[in-house]
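Summary of structural features
So the chains spell out like this:
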Amino acid sequence: MTTQHLQGKIAFVTGANRGIGLETARGLAKLGATVVIGARNGQNGREAAKQLNEEGFKAESIRHDVNVSEDNEAAFRYFDEHYGKLDILVNNAGVMLDQEHISMEIVNRTGTMPLQLLRDSFDINFFGQVELTQLLLPLLRKSDAGRIVNLSSILGSLTLQANPESPIYAIKTFAYNAAKAAINAFTIHLAEELKDTNIKVNSVHPGWVNTRIGGDKAEFDETEGSRTSIRAATLPADGPTGSFLYLDGTLPW
């Protein structure tokens, strides 16, 4: 496999003006893809794309907030009018509203969590991503090897959350964890629906990454945190679908 095996491929990475998203965009661009960066702040997105351009990569940007239906519809029009297809969708955008980050002391507020916070978390981390994916699916069907990557988290594992012996048992950030569990369910259901197509759908766990969500005690930097997303976006025809991927293996949830 050459280093330019994504030549001619079009990739859309949401929330990609910084962090894991930017490193995912950079990694896909290194492999030859034309990468479109989605960013809520248009100026930040343009600066990120310019940075990749200056590194010699093909990158563009659109202002995009996954939580805004009009932005999701505009994203469809952009890819339809400019390329007539989409090869890779990385649903990277997401937030943790439970607390600032998970490097700090975790306080379980399930019984007192404001419902609005829970709704806001699901709107961004689940409903917006489902809506965007459904809108872009007709363009992904036009790809000869469509790939959908849903950035999830090990914190969305109900099995591990229920096991007192698991390393994440104490991390009860209810809104974030529940939304990630929901996106894992979406992955499984959509993959089954598309099992007879060329499209693969997978969730990924990036690891504990030093980002605004992971905090400064995390074990991975953002480049390492992008590895699983890049892997899932570039799976071969015999690769998995409907799986939860982490680095070079799968976690059977």
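Scroll up to find the structure.
Below or above, wherever it landed, is the structure these notes cover. (Residues numbered from 1 in each chain as written. Predicted model: local features only at pLDDT ≥ 70, side-chain atom pairs only at ≥ 80, totals over all residues. Heavy atoms only, no water.)

On to the packing of helix α1 (residues 19-30) against helix α2 (residues 42-54), then. Viewed as axis vectors pointing N to C, α1 and α2 meet at an angle of 35°, and their least axial separation amounts to 11 Å. Note that α1 runs across α2; the crossing there is right-handed. Where α1 abuts α2, its residues Leu22, Ala25 and Arg26 lie against Ala48, Gln51 and Leu52. Taken together, the residues of the contact of α1 with α2 sort by class into 4 nonpolar, 1 polar and 1 charged. (Axes fitted to C-alpha atoms, helices over the stretch in contact; angles between N-to-C directions. Helix = DSSP H or I, 4+ residues; strand = E, 2+ residues; numbered from the N terminus. Left-handed = near helix turned anticlockwise from the far one by under 90°. Contact = heavy atoms within 4.5 Å. Nonpolar A, V, L, I, M, F, W, Y, C, P; charged D, E, K, R; others polar.)

Attention now goes to the packing of aromatic side chains. The way to describe two aromatic rings as a pair is by their centre distance and the angle between their planes. Tallying each qualifying case throughout the model produces 5 aromatic pairs. Each ring, one from Tyr78 and one from Phe79, has its centre 5.5 Å from the other, and the planes form 85°; the classification is edge-to-face. Assessed through its relative accessible area of 17%, Tyr78 is described here as buried. Note on Phe79: relative accessible area 0%, which makes it buried. Judged by centre distance (5.0 Å) and plane angle (70°), the ring pair of Phe126 and Phe127 falls under edge-to-face. Taken together, the ring pairs in this structure connect Phe12, Tyr78 and Phe79 into an aromatic cluster. (Phe/Tyr/Trp six-rings, centres within 6.5 Å; stacked < 30°, edge-to-face > 60°. Buried < 20%, exposed > 50% of the residue type's maximum accessible area, 1.4 Å probe, protein only.)

With the rule as written, the count across this model stands at 6 salt bridges. For Glu55, the salt bridge is made with Arg26, and the minimal N-O distance between the two is 2.9 Å. Here Glu55 is found in the loop between α2 and β3 (59-63), whereas its partner Arg26 is found in helix α1, with 29 residues between them in sequence. Glu55 gets classed as partly exposed once you look at its relative accessible area, which sits at 36%. Measuring nitrogen to oxygen at the nearest pair gives 3.0 Å for the salt bridge that ties Asp87 to Lys85. Classification of Asp87 by relative accessible area gives buried; the value is 0%. Given the relative accessible area of 22%, Lys85 is considered partly exposed. Salt bridges sharing partners connect three or more residues here, namely Glu23, Arg26 and Glu55. (Salt bridge = Lys/Arg side-chain N within 4 Å of Asp/Glu carboxyl O.)

Burial of strand β1 (residues 10-13) is two-sided: the residues Ile10 and Phe12 facing one way and the residues Ala11 and Val13 facing the other way are all buried. The sheet contact formed by β1 and strand β2 (residues 34-39) spans 4 bridges and is parallel. Each bridged residue has a counterpart across the sheet, and for Ile10 the counterpart in β2 is Thr34. When β1 meets strand β4 (residues 88-91), the two strands line up parallel, connected through 3 bridges. For Ala11, the partnering residue across the bridge sits in β4 and is Ile88. (Pairing = 2+ DSSP bridges.)

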